[in-house]
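Each chain is listed here by its residues.
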Protein chains: 2
Amino acid sequence: METFDLQKSRIFSPDKLRKNNLVETDRLFCDLYCLEPGQEQRPHLHESSDKIYFVLEGRGSFRVGTEEREIGRDQGVLAPAGLDHGVRNGSGERLILLVFMAPKP
Amino acid sequence: METFDLQKSRIFSPDKLRKNNLVETDRLFCDLYCLEPGQEQRPHLHESSDKIYFVLEGRGSFRVGTEEREIGRDQGVLAPAGLDHGVRNGSGERLILLVFMAPKP
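Residues numbered from 1 in each chain as written. Chains lettered and ligands numbered in written order. Predicted model: local features only at pLDDT ≥ 70, side-chain atom pairs only at ≥ 80, totals over all residues. Heavy atoms only, no water.

The subject of this paragraph is the overall build of chain A. Counting its regular elements, chain A contains zero helices and ten strands. Along the chain direction, N to C, the helices and strands of chain A fall in the order β-β-β-β-β-β-β-β-β-β. The buried share of chain A, taken over its 105 residues, is 53%. Counted over contacts in chain A with a minimum sequence separation of 6, partners at least 24 positions apart contribute 60%. For chain A, the accessible surface area stands at approximately 4800 Å², while carbon and sulfur atoms represent 42% of it. (Helix = DSSP H or I, 4+ residues; strand = E, 2+ residues; numbered from the N terminus. Buried < 20%, exposed > 50% of the residue type's maximum accessible area, 1.4 Å probe, protein only. Contact = heavy atoms within 4.5 Å. Areas by Shrake-Rupley, 256 points an atom, 1.4 Å probe, with all protein chains shown as cover.)

Put into structure tokens, the structure is as follows:
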């Protein structure tokens, strides 16, 4: 049985957002994104994959299309295929996100 | 921008496991499963969709294929396409799971 444990995947990088993979199959993947204050994932898009960001810890400013919104713990956002999306940790605390994407691009 | 908030979706049913949908697209869905003590999702399988269970609160006994394992908060498990899978809340506390599935069956 393939299990995962966030305690082993809470790894930050001083240089940039760190993506820690939790699960990957032919159909989907799930990552843990760890962002120190000031770090970001610049807006980008996937033509035919949907992404969900779910905030486990901290607060982040999410952009999807032309909209930007700050959300925090226990909240999430959908970045549908074909729309620019990104996230910035403008807070003074660490930001930890569970990120699902399908299909795998 | 489509966002969601777990505080609005933590809904339990006295009768059986309650699935609260958070996100649904043509490619995937994400639900919040709320299980009172003793409730379960009986083993079943999806021929061509993968599922991820992630424990937000409590502890659950997960079955995938012929294996069974109890995991708790901040842990998750992959139920790959084609394998029987289910979960049972054998604890005395509530169990809350973030469940991601793709592609949508």
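Residues and elements named next belong to chain A. Here Gln-41 lies in strand β4 (residues 40-44). For Gln-41, a relative accessible area of 8% gives the class buried. A polar contact of 3.3 Å, which involves the side chain of Gln-41, links it to the side chain of Tyr-33. For Gln-41, the side chain forms a polar contact with the side chain of Tyr-53, separated by 2.7 Å. Non-local contacts of Gln-41, meaning those with residues more than four positions away in its chain, are made with Leu-17, Lys-19, Tyr-33, Leu-35, Lys-51, Tyr-53, Gly-86 and Val-87. (Polar contact = N/O pair within 3.5 Å; in protein donor to acceptor, adjacent residues only side chain to side chain.)

Right, let's get into the interface of chain B and chain A. Contacts between the two partners involve 37 residues from chain B and, on the opposite side, 38 residues from chain A. Here chain B packs against chain A, burying approximately 3200 Å² in sum over the two surfaces, 65% of which is carbon and sulfur. When the shortest N-O distance is used, the salt bridge between Asp-50 of chain A and Arg-27 of chain B registers 3.3 Å. The tally of links from chain B across to chain A stands at 20 residue pairs in polar contact (both at pLDDT 80 or more). For the side of chain B that touches chain A, the elements supplying multiple residues, two or more each, are β1 (3-5), α1 (6-9), β5 (50-57), β6 (59-64), β7 (67-72), β8 (75-79) and β10 (95-102) of chain B. Among the elements that make up the side of chain B that touches chain A, the one with the highest residue count is β5 of chain B (five residues). When its residues are assigned to classes, the side of chain B that touches chain A shows 20 nonpolar, seven polar and ten charged. In the sheet, strand β1 (residues 3-5) of chain A pairs with β8 of chain B via three bridges, with the strands oriented antiparallel. Paired with Asp-5 of chain A across the strands is Gln-75 of chain B, a residue of β8 of chain B. (Buried area = accessible area lost by both parts, 1.4 Å probe. Salt bridge = Lys/Arg side-chain N within 4 Å of Asp/Glu carboxyl O. Nonpolar A, V, L, I, M, F, W, Y, C, P; charged D, E, K, R; others polar. Pairing = 2+ DSSP bridges.)

Looking now at the nonpolar core. Membership of the largest hydrophobic core comes to 34 residues, with the highest contact counts inside it found for Ile-52, Leu-56 and Leu-98 of chain A together with Ile-52, Leu-56, Leu-98 and Phe-100 of chain B. With residues near it in sequence (within four places) discarded, Leu-98 of chain A still touches Leu-22, Cys-30, Asp-31, Leu-32, Ile-52, Tyr-53, Phe-54 and Leu-56 of chain A together with Phe-54 and Leu-98 of chain B. By size, the runner-up hydrophobic cluster in this structure holds 15 residues, among which are Leu-17, Tyr-33, Leu-97 and Val-99 of chain A. (Core = buried A, V, L, I, M, F, W, Y, C linked by side-chain atoms within 4.5 Å.)

We now examine the relation of the copies chain B and chain A. Between the two copies, chain B and chain A, the superposition gives an RMSD of 0.0 Å; the rotation angle is 180° and the shift along the axis is 0.0 Å. What we have between these two chains is a two-fold relation. Closest to the rotation axis within chain B is the C-alpha of Ala-102 of chain B, separated from it by 3.2 Å. In this assembly, 100% of the residues forming the interface of chain B have copies in chain A that are likewise at the interface, indicating an isologous arrangement. (Least-squares fit on C-alpha atoms with pLDDT ≥ 70 in both.)

What follows covers unusual backbone geometry. All names here are of chain A. The omega torsion of the bond from Ala-102 to Pro-103 falls at -15°, within 30 degrees of zero and hence cis. Summarising the element assignment, Pro-103 is placed in the segment after β10 (95-102). Here the phi dihedral of Asp-74 falls at roughly 70°; this positive angle occurs in a residue that is not glycine. With respect to the helices, strands and loops of the structure, Asp-74 is situated in the loop between β7 (67-72) and β8 (75-79).

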